[in-house]
Amino acid sequence: MGAEQQPLIAEQKEKIWTKDFVLICLANFFVFLGFQMTLPTIPLFVEHLGGNDQLIGVVVGVFTFSALIVRPFAGHALETKGRRFVFLLGLLIFVISVGSYSLISSIFLLFLMRVVQGIGWGFSTTASGTVATDIIPASRRGEGMGYYGLSGNIALAFGPSLGLVLAAMIPFSHLFAICAALGVASVLFAAAITYKKVEAVHGKGANRWDLYEKSALTPSVLLFFLTVTFGGIASFLPLYTAQKQIGGLQLYFLLYALALMVTRTFAGQLYDRKGHRAVFLPGAGLILLAMLLLAWLPGEWALLLAAVLYGFGFGMVQPGLQAWSVERAPAHRKGMANATFFSFFDLGVGVGAMVFGQISHWFGYPSIYLAASGSVLLSMLVYLSVLHKEQSLRPRERKNA
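Residues numbered from 1 in each chain as written. Predicted model: local features only at pLDDT ≥ 70, side-chain atom pairs only at ≥ 80, totals over all residues. Heavy atoms only, no water.

### What to know about the side chain of Gln-322
Logical step 1: Tracing the sequence through the fold places Gln-322 in helix α12 (residues 300-327).
Logical step 2: For Gln-322, a relative accessible area of 4% corresponds to the buried category.
Logical step 3: If we skip the residues at most four places from it in the chain, Gln-322 touches Gly-129, Met-145, Asn-338, Phe-341 and Phe-342. (Helix = DSSP H or I, 4+ residues; strand = E, 2+ residues; numbered from the N terminus. Buried < 20%, exposed > 50% of the residue type's maximum accessible area, 1.4 Å probe, protein only. Contact = heavy atoms within 4.5 Å.)

Here it is as structure tokens:
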């Protein structure tokens, strides 16, 4: 009898779908839904306020750079102040900043509040990913992070399209008030989570001024080269398709999110079984094809095909890279590993938005996606060099053993 019970106990310990996991997914869903509704509408709002492509790039980019700056501090706070404090603080800042957009009538004020929103986003998303890491069993981390990522992907499936539809029907002030209300819902779900107790770390591991987790650097750098592409899509695809008089932008975001959702149902498990080699190069290759299609963009069919390819590609690499980032970090450094991962995510989006704003000003919108494809190629070359280095180290390790 006791022998029969042991597998059952082990199985319960490895369970992913607990109450807390459902709550973190719901909290993540609602804050991402509010965020995704602003993603394609902020460029339109800047244009409404009289801004050009360069200003759009700056307004989008400053958000990600402010998030980037605070993430190391969020990582430290997660290990010292606790998960609950950091998560709820970030969500409340997000709610206040997005709600303030309803009152803004100048690009300068929008710029300032985008900085504040980035701070809230940096704290909340770093905390959310760390809380999910705490809750998910280590042996199923790739699979669990894939399911957790679905909560953001479902928001992505509806958020941009819903934001664009509402922007055409109601004033921007009402739209941003709705986005803030969704953030309030996220706060309520986050408050109901039972958080892991954090034990203070002293001595060598407690350097409060370090800015990254070394073990997370490789996957984070690879992520940077890929999220540069997202800066071009989020900031300029609405304007690019309007210039070419190509419809289907709302369907683009829907198909992209659906492809992400489908891929996440198996990509995380594939990573758990076979590692990053099974997911990175195939996923990056699909992202590369998507960028080339957007640079060409002969019609709506190409836009929608690019959405599917981009969704499948990003859905393969992102959960694997995030699991890779945290799996080698010490237990007391999981928060900093997540901070490092998302810092490079933000850096990629911010660099993409600002650089592509200048590129589009000089050479036009198609050049954005040609440059983005070059960034993807670079990520693949860096990855191959990492593989080569790992293979060259193995014979030495065996010899030393």
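### What to know about helix α5 (residues 83-100)
Logical step 1: Given a rise of 1.5 Å per residue, 18 residues ought to cover 26 Å, and the 26 Å separating the end C-alpha atoms of α5 matches this to within 8%.
Logical step 2: Within α5 the residues assigned to the buried category are Arg-83, Val-86, Phe-87, Leu-88, Gly-90, Leu-91, Ile-93, Phe-94, Val-95, Ser-97, Val-98 and Ser-100. (Expected span 1.5 Å × (residues − 1).)

### Thoughts on the nonpolar core
Logical step 1: Counting residues in each nonpolar core, the largest one holds 123 residues, and the members touching the most others are Leu-294, Tyr-310 and Tyr-369.
Logical step 2: No fewer than three residues from each of domain 1 (15-195) and domain 2 (214-393) sit in this core.
Logical step 3: When sequence neighbours within four positions are dropped, the list of residues in contact with Tyr-310 reads Leu-226, Thr-229, Phe-230, Ile-233, Tyr-252, Tyr-256, Ile-287, Ala-290 and Met-291. (Core = buried A, V, L, I, M, F, W, Y, C linked by side-chain atoms within 4.5 Å. Domains from an automatic or database assignment.)

### Notes on the packing of helix α3 (residues 41-48) against helix α6 (residues 107-135)
Logical step 1: Two elements in contact, α3 and α6, have axes whose closest approach is 10 Å; the angle formed by their N-to-C orientations is 155 degrees. Taken as axis vectors, α3 and α6 run roughly antiparallel relative to one another. Judged by the sense of rotation from one axis to the other, the crossing of α3 with α6 is left-handed. Within the contact between the two elements, α3 uses Ile-42, Phe-45 and Val-46 and α6 uses Ile-107, Leu-110 and Arg-114. (Axes fitted to C-alpha atoms, helices over the stretch in contact; angles between N-to-C directions. Parallel < 35°, antiparallel > 145°, perpendicular 65-115°, else oblique. Left-handed = near helix turned anticlockwise from the far one by under 90°.)

### Let's talk about the pattern of salt bridges
Logical step 1: Tallied over the entire structure, the rule returns 6 salt bridges.
Logical step 2: Notably, a salt bridge pairs Lys-196 with Asp-134, separated by 3.9 Å at the nearest N-O pair. Here Lys-196 is found in the loop between α8 (172-191) and α9 (217-243), whereas its partner Asp-134 is found in helix α6, with 62 residues between them in sequence.
Logical step 3: Take Lys-196: its relative accessible area is 44%, and that puts it in the partly exposed class.
Logical step 4: The partner of Arg-333 in a salt bridge is Glu-213, and the shortest N-O contact between them spans 2.7 Å. Taken together, the residues Arg-333 in the loop between α12 and α13 (334-363) and Glu-213 in the loop between α8 and α9 connect sequence positions 120 residues apart. The same class applies to Arg-333 as to Glu-213, namely buried.
Logical step 5: One network of salt bridges, with partners in common, ties together Glu-79, Arg-83, Asp-134 and Lys-196. (Salt bridge = Lys/Arg side-chain N within 4 Å of Asp/Glu carboxyl O.)

### A word on the domain arrangement of the chain
Logical step 1: Domain assignment breaks the chain into domain 1 (15-195) and domain 2 (214-393).
Logical step 2: Here domain 1 and domain 2 have C-alpha centroids that lie 19 Å from each other.
Logical step 3: With 45 residues of domain 1 at the contact, the number on the domain 2 side is 45 residues.
Logical step 4: Here domain 1 packs against domain 2, burying approximately 3,800 Å² in sum over the two surfaces, 69% of which is carbon and sulfur.
Logical step 5: Contact with domain 2 buries area across many residues of domain 1, yet Asp-53, Gln-54 and Arg-71 alone supply 13% of it, more than any other trio.
Logical step 6: Scanning the region where domain 1 abuts domain 2 turns up 0 salt bridges.
Logical step 7: Counting every contact that joins domain 1 to domain 2 gives 5 residue pairs in polar contact (both at pLDDT 80 or more).
Logical step 8: Within the residue set of the side of domain 1 that touches domain 2, elements represented by two or more residues are α3, α4 (53-80), α6 and α7 (141-169).
Logical step 9: A per-class count over the side of domain 1 that touches domain 2 returns 21 nonpolar, 17 polar and 7 charged. (Buried area = accessible area lost by both parts, 1.4 Å probe. Polar contact = N/O pair within 3.5 Å; in protein donor to acceptor, adjacent residues only side chain to side chain. Nonpolar A, V, L, I, M, F, W, Y, C, P; charged D, E, K, R; others polar.)

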